[in-house]
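The residues making up each chain are set out below.
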Amino acid sequence: MPMEKIQRKIRNRKFLLNLSLKYLSPSNKLIIIISQNLDKYINLYQSNLYKINTSNNNFKKSDDITI
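Residues numbered from 1 in each chain as written. Predicted model: local features only at pLDDT ≥ 70, side-chain atom pairs only at ≥ 80, totals over all residues. Heavy atoms only, no water.

Trainee: Describe the environment of Thr 54, and please don't skip the residues or the numbers.
Mentor: Along the chain, Thr 54 falls in helix α2 (residues 29-64). For Thr 54, a relative accessible area of 26% corresponds to the partly exposed category. Among the polar contacts listed, one links the side chain of Thr 54 to the backbone oxygen of Lys 51, at a separation of 3.1 Å. (Helix = DSSP H or I, 4+ residues; strand = E, 2+ residues; numbered from the N terminus. Buried < 20%, exposed > 50% of the residue type's maximum accessible area, 1.4 Å probe, protein only. Polar contact = N/O pair within 3.5 Å; in protein donor to acceptor, adjacent residues only side chain to side chain.)

Here it is in structure tokens:
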């Protein structure tokens, strides 16, 4: 999934969670489901960032080695 799409989903989930927390209790099932869903997308986003970062670092390290 493209990073922009993940970011959009995260923004939407955050907005929905913040809005619903104004009216519902944090222990409400709906709030818990939204929160878990938000965590899933944040995790996916962070893992994609990690993959991009490590691949860039590996590329740079291989270029630095000269004999």
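Picking up after the structure, the text goes on.
Trainee: Could you give an account of the environment of Glu 4, with specific residues and numbers?
Mentor: Counting through the fold element by element, Glu 4 comes out in helix α1 (residues 3-21). For the pair formed by Glu 4 and Tyr 45, sequence separation is 41 residues and the distance between their alpha carbons is 9.6 Å.

Trainee: Please give an account of the nonpolar core that cites residues and values.
Mentor: Judged by nonpolar contacts, Ile 6, Ile 10, Leu 17, Ile 31, Ile 34, Leu 38, Tyr 41 and Tyr 45 together constitute the single largest core of 8 residues. When contributions to this core are tallied by element, the ones reaching two or more residues are α1 and α2. Top contributing element to this core by residue count: α2, with 5 residues. Setting aside chain neighbours within four positions, we find Tyr 41 in contact with Met 1, Ile 6, Lys 9, Ile 10 and Arg 13. (Core = buried A, V, L, I, M, F, W, Y, C linked by side-chain atoms within 4.5 Å. Contact = heavy atoms within 4.5 Å.)

Trainee: Provide a residue-level description of α1, including the pertinent values.
Mentor: The terminal C-alpha atoms of α1, which comprises 19 residues, lie 27 Å apart, in line with the 27 Å expected from a rise of 1.5 Å per residue. The complete set of buried residues in α1 reads Ile 6, Ile 10, Leu 17 and Ser 20. Relative to the axis of α1, the buried residues are bounded by an arc of 110° and lie together on one face. Set apart from the buried face of α1 by more than 90 degrees, the exposed residues are Glu 4, Arg 11 and Phe 15. (Expected span 1.5 Å × (residues − 1). Arc of directions from axis to C-beta.)

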